[in-house]
Amino acid sequence: MTSELDELYQSVILDHNRAPRNFHKLEDATSHAEGRNPLCGDMYDVWLKVEGDRITDAAFQGQGCAISKASASMMTQVVKGKTLDEARRLFEGFHALVAGDRSQESVLREAALPAKLEVFKGVRAFPIRVKCATLSWHAMKQALETAGR
Ligand code: ZN
């Protein structure tokens, strides 16, 4: 990766950190989960609105480092409008992306992650940051499990 790309990626993360998308409580949410990362101090609430088999809205609130906040911001953008199965595949794919586990490359291909999530590839080199990047995704998956019950 060139340093120019590094800078581009950093600017994407800084932009989402400065102006997180879907950063509010979702009053008509159908499910909710919390994510806590004591290693870094990241704390988020994630809300989903699930109608039938589809996530029609997603939002989050909380505080933490730039990586955790940017990741949560993009996660809410990416899962909105997706079916529950698609959202689960995105979770698996995102996990494979940041963990950088070669055995999971087929999972990564199948998930067909939006290109903008590639910015989080850089956390592979920093195991503690992997937790920051995946925190809100774990909360989203947890909220999915309680959805539609
Ligand atoms: Zn963090």
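Conventions used here
Residues numbered from 1 in each chain as written. Predicted model: local features only at pLDDT ≥ 70, side-chain atom pairs only at ≥ 80, totals over all residues. Heavy atoms only, no water. Core = buried A, V, L, I, M, F, W, Y, C linked by side-chain atoms within 4.5 Å. Buried < 20%, exposed > 50% of the residue type's maximum accessible area, 1.4 Å probe, protein only. Helix = DSSP H or I, 4+ residues; strand = E, 2+ residues; numbered from the N terminus. Donors = N, O, S within 2.8 Å, 3.2 Å for Na, K, Ca; no water. Expected span 1.5 Å × (residues − 1). Axes fitted to C-alpha atoms, helices over the stretch in contact; angles between N-to-C directions. Left-handed = near helix turned anticlockwise from the far one by under 90°. Contact = heavy atoms within 4.5 Å. Nonpolar A, V, L, I, M, F, W, Y, C, P; charged D, E, K, R; others polar. Salt bridge = Lys/Arg side-chain N within 4 Å of Asp/Glu carboxyl O. Lys, Arg positive; Asp, Glu negative; His and termini not counted. 1 Å grid on protein atoms, 1.4 Å probe; cavity = no way out; pocket = protein on both sides within 12 Å on 5 of 7 lines; lining within 4 Å. Points joined across faces, edges and corners; volume = space filled by probe spheres on them.

K.L.:
Mind showing me how you'd approach the nonpolar core here?
P.N.:
Core analysis: the largest hydrophobic core is formed by 41 residues, its most contacted members being L48, I55, F120, W137 and M140. Elements with a contribution of two residues or more to this core: helix 1 (3–18), strand 2 (42–51), strand 3 (54–63), helix 2 (66–79), helix 3 (84–99) and helix 5 (127–146). The greatest single-element share of this core, amounting to 9 residues, is contributed by helix 5.

K.L.:
How should the coordination of the zinc ion be read in this particular structure?
P.N.:
Any two of four tetrahedral donors ideally make an angle of 109.5 degrees at the metal, while pairs among six octahedral donors ideally make 90 or 180 degrees. Coordination sphere of the zinc ion, protein contribution only: C40 (SG), D42 (OD), D42 (OD), C65 (SG) and C132 (SG), at 2.2 to 2.7 Å. Sequence positions of the residues that donate to the zinc ion give the spacing C-x1-D-x22-C-x66-C. One end of the pair, D42, is in strand 2; the other, C65, is in the loop between strand 3 and helix 2, with 23 residues separating them in the sequence. Like D42, the residue C65 is buried in the burial classification.

K.L.:
Whenever I open this one, helix 2 confuses me. Can you help?
P.N.:
Each full turn of the α-helix corresponds to 3.6 residues, which orients residues three or four apart in the same direction. Taking 1.5 Å per residue as the helical rise, helix 2 with its 14 residues ought to reach 20 Å, and the 20 Å between its terminal C-alpha atoms agrees with that figure. Those residues of helix 2 lying buried are I67, S68, K69, A70, S71, A72, S73, M74, M75, T76, V78 and V79.

K.L.:
Is there a simple way to think about the packing of helix 2 against helix 5 in this case?
P.N.:
The axes of two packed helices give the description: the angle between them and the distance between them. Packing of helix 2 against helix 5 brings their axes to within 8 Å, and their N-to-C directions diverge by 35°. Two packed elements cross with a definite hand, and for helix 2 against helix 5 that hand is right-handed. Contact with helix 2, carried on its side by I67, S68, S71, A72, M75, V78 and V79, involves R129, C132, A133, S136, W137 and M140 of helix 5 and no other residues of that element. Classifying every residue of the contact of helix 2 with helix 5 by side-chain character gives 9 nonpolar, 3 polar and 1 charged.

K.L.:
Looking at this model, I keep getting lost on the pattern of salt bridges. Mind explaining?
P.N.:
Between side chains of opposite charge, pairing is possible as soon as their charged atoms come close. According to the stated counting rule, one finds 6 salt bridges in the structure shown. Salt-bridge contacts for D15 lead to R21; the nearest nitrogen and oxygen are separated by 2.8 Å. Across the pair R88 and D85 runs a salt bridge, and its minimum N-O distance is 3.0 Å. Residue R88 and its partner D85 are located together in helix 3, separated by 3 residues, close to a single helical turn. The exposure class assigned to R88 is partly exposed, which follows from its relative accessible area of 30%. Classification of D85 as partly exposed rests on a relative accessible area of 45%.

K.L.:
Explanation requested: the side chain of K69 in the structure shown.
P.N.:
Looking at the element boundaries, K69 is found in helix 2. Here K69 sits buried without a salt bridge, and the closest side chain of opposite charge, D42, lies 9.2 Å off (N-O distance).

K.L.:
Would you take a moment to explain the layout of surface pockets for this structure?
P.N.:
In this approach a probe as big as a water molecule rolls over the atoms, and the regions it shows empty are the leftover space. There is about 220 Å³ of room inside the largest pocket. Ranked by residue count, the leading element in the lining of the largest pocket is helix 1, at 4 residues. Residues that form the lining of the largest pocket fall into these classes: 7 nonpolar, 2 polar and 2 charged.

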